Amino acid sequence: MVESSREPATSVTRNRIQLPQVPAAGALYRRALLGALPGLGGRRPAHPPAVELCVDGVTVDRSHLAAYDRVCGFRLTDRLPATFPHIMGFPLALRLMTTPDFPIPLTGVVHVGNRITVHRPIGADETLDFTTYAENLRPHDRGRQIDVVLIGAVGGEEVWRGVSTYLGRERTPGGGERRDRGERPPAPAASAHWRVEPAVGPAYARVSGDHNPIHTSRLGARLFGFRRPIAHGMWSKARCLGALENRLPDAYHVDVAFKLPLPLPSTVSFSSTPAGDFALHDSRGRPHLQGTVTEEGRAPS
């Protein structure tokens with residue numbers, strides 16, 4: 001079913017496409033790889049696709065939730081971790097990103113940031129309706145960036161929102177937002193050191209559905225310029241939130257920037273502050289991830 005949807009804040013009209021079920025991620029990755037072959041990808045548009053994809057009635061598989069909690073370091077409870085709706089709706093977002101109208105090809109895309117808003121705790125017995133769309137295509141000094149929005153609702157009320165920022169690397173500089181090339185501040189004192197083993201890549205791929213070969217295969221990683229597989233950025237975020245679980249309010253924003261890739265295996269240092277800042281650094285003090293938790297309704301300090 002296709003309907004017309006208008007978002008007043010941005011005056012963007014999108015066609016609403018209702019899917020009968022969450023797509024299968026494996027077929028979407030095969031589509032992305034096929035589109036990367038020379039001569040088959042075609043020209044990419046200069047704007048986000050004017051559609052939003054929706055799936056209603058998505059339930060939580062409790063065994064899946066338990067496996068996810070174990071891989072990411074969360075307690076086994078009936079409350080969904082902030083990052084779990086992301087993986088529930090990830091195949092829907094992946095479907096959007098593998099359409100010919102998406103302006104950045106999925107192969108080689110870099111996940112550079114993610115912001116999640118939890119409006120209230122979500123129980124494992126609740127049924128979620130998901131909607132996804134893309135917006136804010138903009139230049140970057142290494143190519144172009146775009147935001148993919150994923151919204152989870154219960155009974156017509158938005159209870160969760162995730163915004164993932166992706167970078168499509170291109171040879172011609174985009175002339176837009178640039179990385180901070182100033183002097184790097186010293187790494188904060190670590191509160192924990194974690195050994196991240198190679199098994200984390202395949203284990204997280206199984207519970208998340210994100211089977212990008214840069215995370216699971218040495219050969220796949222090398223094809224995209226990495227000497228070793230690298231950890232999923234959303235695993236790193238989830239692992240940090242697992243360490244902060246006792247300090248999280250019921251409603252909050254958690255914003256992260258993914259910095260240096262985290263090669264597998266590695267030993268990383270985790271740090272956090274009472275103000276809500278947290279980070280992962282390597283043994284040389286370079287950041288893999290930097291994030292902030294802010295209670296909803298309270299301005300960042």
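Before going into details, it helps to say that this report is about the structure given with it. The model shown is predicted, which means the values in this text are computed figures rather than measured ones.

Our focus in this paragraph is the overall build of the chain. Looking only at helices and strands, one finds seven helices and 12 strands in the chain. For the chain, the residues scored as buried account for 48% of the 301 residues in total. For the chain, the proportion of contacts with a sequence separation of at least 24, taken over those separated by at least 6, is 71%. Here the chain has roughly 15,000 Å² of accessible surface; of this, 52% comes from carbon and sulfur atoms.

Moving on, we get to the pattern of salt bridges. The final tally for this structure, using the stated rule, is 11 salt bridges. Put simply, glutamate 52 and arginine 16 hold a salt bridge, and the shortest N to O gap is 3.0 Å. With glutamate 52 in strand E3 (residues 51-58) and arginine 16 in strand E2 (residues 12-18), the pair connects residues that are 36 residues apart, well separated along the chain. Here arginine 16 falls in the partly exposed class, since its relative accessible area comes to 22%. The residue aspartate 255 makes a salt bridge to arginine 115 at a minimum N-O spacing of 3.4 Å. Here the residue aspartate 255 occupies a position in strand E9 (residues 252-258), and arginine 115 occupies one in strand E4 (residues 110-118), the gap between them amounting to 140 residues. Taking the relative accessible area as the measure of exposure, aspartate 255 reaches 33% and is therefore partly exposed.

The terminal C-alpha atoms of helix H3 (residues 84-97) lie 20 Å apart, and with 14 residues this matches the ideal 20 Å at 1.5 Å per residue to within 8%. Its maximal kink placed at phenylalanine 90, H3 deviates by approximately 50°, while the proline proline 91 follows within four residues. Of all the 14 residues making up H3, 13 are buried; the element is thus mostly covered by neighbouring parts of the structure.

Reading the values: the criteria
- Residues numbered from 1 in each chain as written.
- Predicted model: local features only at pLDDT ≥ 70, side-chain atom pairs only at ≥ 80, totals over all residues.
- Heavy atoms only, no water.
- Helix = DSSP H or I, 4+ residues; strand = E, 2+ residues; numbered from the N terminus.
- Buried < 20%, exposed > 50% of the residue type's maximum accessible area, 1.4 Å probe, protein only.
- Contact = heavy atoms within 4.5 Å.
- Areas by Shrake-Rupley, 256 points an atom, 1.4 Å probe, with all protein chains shown as cover.
- Salt bridge = Lys/Arg side-chain N within 4 Å of Asp/Glu carboxyl O.
- Expected span 1.5 Å × (residues − 1).
- Bend = angle between axes of the 7 residues up to and from the residue.

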